[in-house]
Amino acid sequence: MDLLSAGCRAGRLRQAGLPILATLLALAAAVSPAAAQGRARGSPDLGEVARLVVDRTNDMRRGEGREPVAAASKLDATAQSFAAFMASNDRYGHEADGRTAAQRVQEQGYTYCIVLENIASLYSSSGFGSQELANKVTQGWWQSEGHRRNMLDVEVTDIGVAIARSSKTGTYYAVQLFGRPYSTRIEFRVANASPAAIEYDLNGKGFSLPPHATRMHQECRAARLTVRLPGERQSISVKPADGDRYEVERVGSRFQLKRAAS
């Protein structure tokens, strides 16, 4: 019998909102009962499995029009440490060690803007080969909406994967981390050069800016800025890039939004 359990979690630095948690429990089809085949498949190369999971994840991302993610040593170290903890204690869950994924990556020195985590536990009385274990882990996540969302996130750039096996129960524990470093955050400014206060929304959150004031924003994800100009019936929406400066000014009796030199 094969047993698969998987979970996913997402976290973001300096952004409001509760983490997203999705859990999947599924029974897979039984493998061949042949003992010889079971012994042949029973000792996967866990380093190879991790590399295969990364490769297959990037294949899936490319197939959906996403950019591939690159292996990050600090995320690899975080994933390895957490997988080893779950395997040595046979404890499973995103906070099995009493910490969150965000706390774990920070302890490894990865200062993040975005961090997402998928985990899985698998057991087979017949064992697994490296290819088979990588397939089961990757496909198990792919078939779950929450895990697939993490795998296809358009703004993550880094990945770390590790697999560990419990010497007591034979259960395999898999950890997949996605990240975007804080150094890659988007920073832009909104300036009000007019004599009237202006109102604007940034990703759905409202702001008021007094006359002749400037506010800097730092965002971990792509931003949508919507400005409501005094006296105008329609709002103006733009997508700021890193280093942009948007300025409201009054020209005659009307107000206008322009992208100004930083």
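The structure we're discussing is the one just above.
Residues numbered from 1 in each chain as written. Predicted model: local features only at pLDDT ≥ 70, side-chain atom pairs only at ≥ 80, totals over all residues. Heavy atoms only, no water.

A. Expanded view of the overall build of the protein. Of the regular secondary structure elements, the protein holds six helices and 14 strands. For the protein, with 262 residues in total, the buried portion stands at 49%. Contacts in the protein between residues far apart in sequence, at least 24 positions, make up 66% of those at least 6 positions apart. On the protein, roughly 12,900 Å² of surface is accessible, and the fraction owed to carbon and sulfur atoms is 49%. (Helix = DSSP H or I, 4+ residues; strand = E, 2+ residues; numbered from the N terminus. Buried < 20%, exposed > 50% of the residue type's maximum accessible area, 1.4 Å probe, protein only. Contact = heavy atoms within 4.5 Å. Areas by Shrake-Rupley, 256 points an atom, 1.4 Å probe, with all protein chains shown as cover.)

B. A look at the packing of aromatic side chains. Counted according to the given criterion, the structure contains three aromatic pairs. Ring plane angle 40° and centroid distance 6.3 Å describe the contact between Tyr92 and Tyr173, whose orientation is recorded as tilted. Taken together, the residues Tyr92 in the loop between helix 3 (73-89) and helix 4 (101-107) and Tyr173 in strand 6 (residues 172-181) connect sequence positions 81 residues apart. Among the residues examined, Tyr92 registers a relative accessible area of 30% and is labelled partly exposed. We classify Tyr173 as buried; its relative accessible area is 5%. Pairing Phe128 with Tyr172 gives two aromatic rings, centres 5.7 Å apart and planes at 75°, and the pair type is edge-to-face. Of the two residues, Phe128 is situated in the loop between strand 4 (112-124) and helix 5 (130-142) and Tyr172 in strand 6; the sequence distance between them amounts to 44 residues. With a relative accessible area of 1%, Phe128 lands in the buried category. (Phe/Tyr/Trp six-rings, centres within 6.5 Å; stacked < 30°, edge-to-face > 60°.)

C. Summary view of the pattern of salt bridges. Throughout the structure, instances matching the rule amount to 14 salt bridges. Among the ionic pairs, Asp201 bridges to Arg228, the shortest N-O distance being 3.1 Å. Here Arg228 lies in strand 11 (residues 225-228) and Asp201 lies in strand 8 (residues 198-202), a separation of 27 residues in the sequence. Classification of Asp201 by relative accessible area gives partly exposed; the value is 24%. On the accessibility criterion, Arg228 (35% relative accessible area) is partly exposed. It is possible to trace a salt-bridge network through shared partners that takes in Asp97, Arg99, Arg104, Glu107 and Glu117. (Salt bridge = Lys/Arg side-chain N within 4 Å of Asp/Glu carboxyl O.)

D. Summary view of the sheet that holds strand 14 (residues 254-260). Sheet architecture is open: four strands sit in the order 10-7-13-14, paired in mixed fashion. Edge positions in the open sheet fall to strand 10 (213-219) and strand 14, since each of these has one partner strand only. The average angle at which neighbouring strand axes cross in this sheet is 20°, direction not considered. When strand 7 (residues 186-192) meets strand 10, the two strands line up antiparallel, connected through seven bridges. (Pairing = 2+ DSSP bridges. Axes fitted to C-alpha atoms, helices over the stretch in contact; angles between N-to-C directions.)

E. Here's a closer look at the sheet that holds strand 11. Taking strand neighbours across the sheet as the criterion, the four strands line up as 9-8-11-12 in an open arrangement whose pairing is antiparallel. For this open sheet the edge positions go to strand 9 (205-209) and strand 12 (236-238), each flanked by a neighbour on one side alone. Going from strand to strand, the sheet's axes swing by 25° on average, the running direction of each strand aside. The pairing of strand 11 with strand 12 spans three bridges and is antiparallel. The residue bridging Leu225 from the neighbouring strand is Val238, located in strand 12.

F. Main features of the pairing of strand 4. The element strand 4 is extensively covered by neighbouring structure, given that twelve of its 13 residues are classed as buried. As judged from the ten bridges shared by strand 4 and strand 6, these two strands associate in the antiparallel manner. By the bridge assignment for strand 6, Leu116 is matched with Phe178.

G. Layout of the pairing of strand 9. Sheet topology note: the strand 8/strand 9 ladder contains five bridges and is antiparallel. Looking at the pairing, Leu202 lines up with Lys205 of strand 9. Hairpin connection, strand 8 to strand 9: the antiparallel pair is bridged by two residues, and Asn203 has positive phi, about 50°.

H. Structural view of the environment of Arg224. Within the secondary structure layout, Arg224 lies in the loop between strand 10 and strand 11. Considering only alpha carbons, one finds Arg224 and Gly204, 20 residues apart in sequence, at a separation of 8.3 Å. When neighbours within four sequence positions are excluded, Arg224 is seen to be in contact with Asp201, Leu202, Asn203, Ser237, Val238 and Lys239.

I. Representation of unusual backbone geometry. Of note, Asp90 is a non-glycine position whose phi angle comes to about 50°, a positive value. One can find Asp90 in the loop between helix 3 and helix 4. Despite not being glycine, Asn203 shows a phi value in the positive range, around 50°. With respect to the helices and strands, Asn203 occurs in the loop between strand 8 and strand 9.

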